[in-house]
Amino acid sequence: MFVTMIYNIKSIKKFLKKYKSTLLLIIILVITSFILLITNSKFQTTLANKLADEINVEFGTEIAINKATLSYNGKVDLRDFLIRDHKNDTLVFFKNLYLSPISLGKLVSKELNFSSITFDGLDLKISTYLNEDQNSLEIFLKKLNKKNQESLEKLNNAGFVSNVFAKNSSIKIVNHNTKNSSLKISNIDFSLIDFEFFDQDFNFIIDDLKLNFDNRITLSSLRGKVNKKDSILFLENSKFSFGKSNVNGNLKLDYSNISSSDIYSVDFVNSTYINLELNDSEISSNDLGKMLTNLKTTYDETWLININVNGYLNDLFIDNLLLINKNNTIKLNSNIQNLFQDNYSLTFDVLNFDIDSREIDKIFPYFFGTVLPSSLKTFGRFKMDGFVDFKSD
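### Description of the overall build of the chain
Helix and strand content of the chain: 8 helices and 16 strands. In the chain, which comprises 393 residues, the proportion classed as buried is 39%. A sequence separation of at least 24 residues applies to 47% of the contacts in the chain between residues at least 6 apart.

The following block contains the structure:
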């Protein structure tokens, strides 16, 4: 038997030596044929339509895919991946959605469990149409949940993704029931890693996030850990940079009392409980003015800031606010009520107020005449403490 094996091996070697050129040519032809097949436009379109039909049947969605190609890294690139909303308008659009062949198979077979998802050119459009209470994303998710309850329960128990990577993406929120109520976040790039799921809760790490908020604020970097527990969202050990500002802190949002999906409504804003801590942070007055238009200024000065903010947005408490730059020190506690309404009120417990009024007027243009009398605007350097109350007319 051993002699027979040696003979067979010798025969195979002799065959390979004799026909190696022919075999090499066959291999090259097979590879070339495969490449021509997968790069053929008709094949790509046919494959894309088949994938879209499979997904739509499984999930009851309205998805269209222009082409399905094999990318250089071995992943399947679903190009021009479109999900329509209940009004047949765009809800989600991916210029490129990259899935591994295994992940794609799981998606088609309704097994929502991927190691990672990568996409380029995401456009998410969330619309609240005329005379409707729910936005298009809520309606879509409700429909998806109703048809795929069993799969989504498995998703909640096991999780469906470990890492998500994105670039060149945008989010637009539009409410057709209210004038001038659109919001756009553009130029979004992010890397979200180490997802963990626990029923309805989850954790993940923001490895990096960049975006442009409504053409006003460009966030150049955000890092931190996100944790959701029940109706409370935490952002811990966060570090973010925008303009000349560098901020360190923690944020807690409790949205358990929110009943409206309209982010512009007073009820929505005032139903969110906030706890914000900023420590050893630097913020530019110019950057602050871009966030809060009432504080818009051309005077650029960087402040060291420490602050603790807690409460609902219509009743905020500010504890241990410390603002310091080379010429000014402000330390106080405060209560701000009805911040986004005409009948707002401000109460300050001033602990240390050592400032140059001319410089403060440049940095915070509405400070004098709103918080302190306008007659102090040219007073120069002065100190004060005590209580200050202000109510709008």
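### Points about the side chain of Ser 136
Of note, Ser 136 is situated in helix α4 (residues 136-147). Residues within four places of Ser 136 in sequence aside, it is in contact with Asp 85, His 86, Leu 91, Lys 125, Ile 126, Ser 127 and Tyr 129.

### Looking at the pairing of strand β3 (residues 90-99)
For a regular strand, the rule is simple: side chains alternate between the two faces of the sheet. Pairing geometry for strand β2 (residues 76-84) and β3, over 8 bridges, is antiparallel. If you follow Arg 84 over to β3, its bridge partner there is Thr 90. Summarising the sheet, β3 and strand β4 (residues 116-128) pair through 6 bridges and their orientation is antiparallel. Bridge assignment links Leu 97 to a residue of β4, and that residue is Phe 119.

### Section: the side chain of Asn 203
Inspection of the secondary structure puts Asn 203 in strand β7 (residues 201-213). Judged by relative accessible area, Asn 203 falls into the buried class, the value being 11%. Within the local environment of Asn 203, its side chain forms a polar contact with the side chain of Asn 227, the two groups lying 2.2 Å apart. Setting aside chain neighbours within four positions, we find Asn 203 in contact with Asp 194, Phe 195, Glu 196, Phe 198, Lys 225, Val 226, Asn 227 and Lys 228.

### Comments concerning the environment of Ser 256
Within the secondary structure, Ser 256 is located in the loop between β10 (245-254) and α6 (266-270). Owing to a relative accessible area of 42%, Ser 256 belongs among the partly exposed residues under this scheme. Each C-alpha atom, one on Ser 256 and one on Asp 230, is 8.3 Å from the other, the two residues being 26 residues apart in sequence. Here Asp 254 takes part through its side chain, which lies 2.8 Å from a polar atom of the side chain of Ser 256.

### A short note on the packing of aromatic side chains
What characterises a pair of aromatic rings is the spacing of the ring centres plus the angle enclosed by the ring planes. All chains considered together, the criterion is met by 7 aromatic pairs. On the basis of an interplanar angle of 80 degrees and a centroid distance of 6.0 Å, the ring pair of Phe 119 and Phe 190 is categorised as edge-to-face. One end of the pair, Phe 119, is in strand β4; the other, Phe 190, is in strand β6 (residues 182-198), with 71 residues separating them in the sequence. With respect to burial, Phe 119 and Phe 190 carry one shared label: buried. Each residue in the set Phe 81, Phe 94, Phe 119 and Phe 190 is aromatic and connected to the rest through ring pairs, giving one cluster.

### Looking at the confidence of the model for the chain
For the chain, per-residue confidence averages 77 on the pLDDT scale, and 73% of positions sit at 70 or higher. Confidence, expressed as mean pLDDT per element, reaches its minimum in the chain at helix α1 (residues 2-38) with 46 and its maximum at β10 with 94. Under a pLDDT of 50 for its full length, residues 2-7 has, in the predicted model, 0 contacts with residues more than four places off or in other chains. Within the model, the stretch residues 22-41 combines pLDDT values under 50 with 8 contacts to residues more than four positions away or in other chains.

### Structural notes on unusual backbone geometry
One non-glycine residue with positive phi stands out, namely Asp 80, at about 50 degrees. Residue position: Asp 80 is located in strand β2. The phi dihedral of Asn 320 is positive, around 55 degrees, even though this residue is not glycine.

### As for the environment of Met 291
Along the polypeptide, Met 291 turns up in helix α7 (residues 285-291). Judged by relative accessible area, Met 291 falls into the partly exposed class, the value being 30%. A C-alpha to C-alpha distance of 9.5 Å links Met 291 and Phe 213, two positions 78 residues apart in sequence. Those residues within four positions of Met 291 in sequence are excluded, and the remaining contacts are Arg 216, Ile 217, Phe 242 and Ile 283.

### As for the environment of Gln 337
Inspection of the secondary structure assignment puts Gln 337 in strand β14 (residues 329-337). Taking relative accessible area as the criterion, Gln 337 reaches 32% and is therefore assigned partly exposed. Setting aside chain neighbours within four positions, we find Gln 337 in contact with Asn 314, Asp 315, Tyr 344 and Ser 345. Polar side-chain contacts of Gln 337 include one of 3.4 Å to the side chain of Asn 335.

### Description of the pattern of salt bridges
Throughout the structure, instances matching the rule amount to 8 salt bridges. Between Asp 201 and Lys 228 there is a salt bridge; the shortest N-O distance is 3.2 Å. Within this pair, whereas Asp 201 is found in strand β7, its partner Lys 228 is found in strand β8 (residues 217-229), the two being separated by 27 residues in sequence. The class of Asp 201 is buried, set by a relative accessible area of 11%. Among the salt bridges present, the one from Asp 300 reaches Lys 244, with a minimum N-O distance of 2.8 Å. Taken together, the residues span a long stretch of sequence, with Asp 300 in the loop between α7 and β12 (302-312) and Lys 244 in the loop between β9 (232-242) and β10 at a distance of 56 residues.

### Quick notes on the pairing of β6
Two elements, strand β5 (residues 163-175) and β6, share 8 bridges in a ladder whose sense is antiparallel. Along β6, the bridge assignment pairs Ile 171 with Ile 185. In sequence, β5 turns back onto β6 through a hairpin of 6 residues, with Asn 180 there showing a positive phi of about 55 degrees. As paired elements, β6 and β7 share 10 bridges and run antiparallel to each other. The partner of Leu 192 across the bridge, within β7, is Ile 206. Hairpin connection from β6 to β7: 2 residues lie between these consecutive antiparallel strands, with Asp 199 at a positive phi of about 55 degrees.

About the thresholds
- Residues numbered from 1 in each chain as written.
- Predicted model: local features only at pLDDT ≥ 70, side-chain atom pairs only at ≥ 80, totals over all residues.
- Heavy atoms only, no water.
- Helix = DSSP H or I, 4+ residues; strand = E, 2+ residues; numbered from the N terminus.
- Buried < 20%, exposed > 50% of the residue type's maximum accessible area, 1.4 Å probe, protein only.
- Contact = heavy atoms within 4.5 Å.
- Pairing = 2+ DSSP bridges.
- Polar contact = N/O pair within 3.5 Å; in protein donor to acceptor, adjacent residues only side chain to side chain.
- Phe/Tyr/Trp six-rings, centres within 6.5 Å; stacked < 30°, edge-to-face > 60°.
- pLDDT = per-residue confidence, 0-100.
- Salt bridge = Lys/Arg side-chain N within 4 Å of Asp/Glu carboxyl O.

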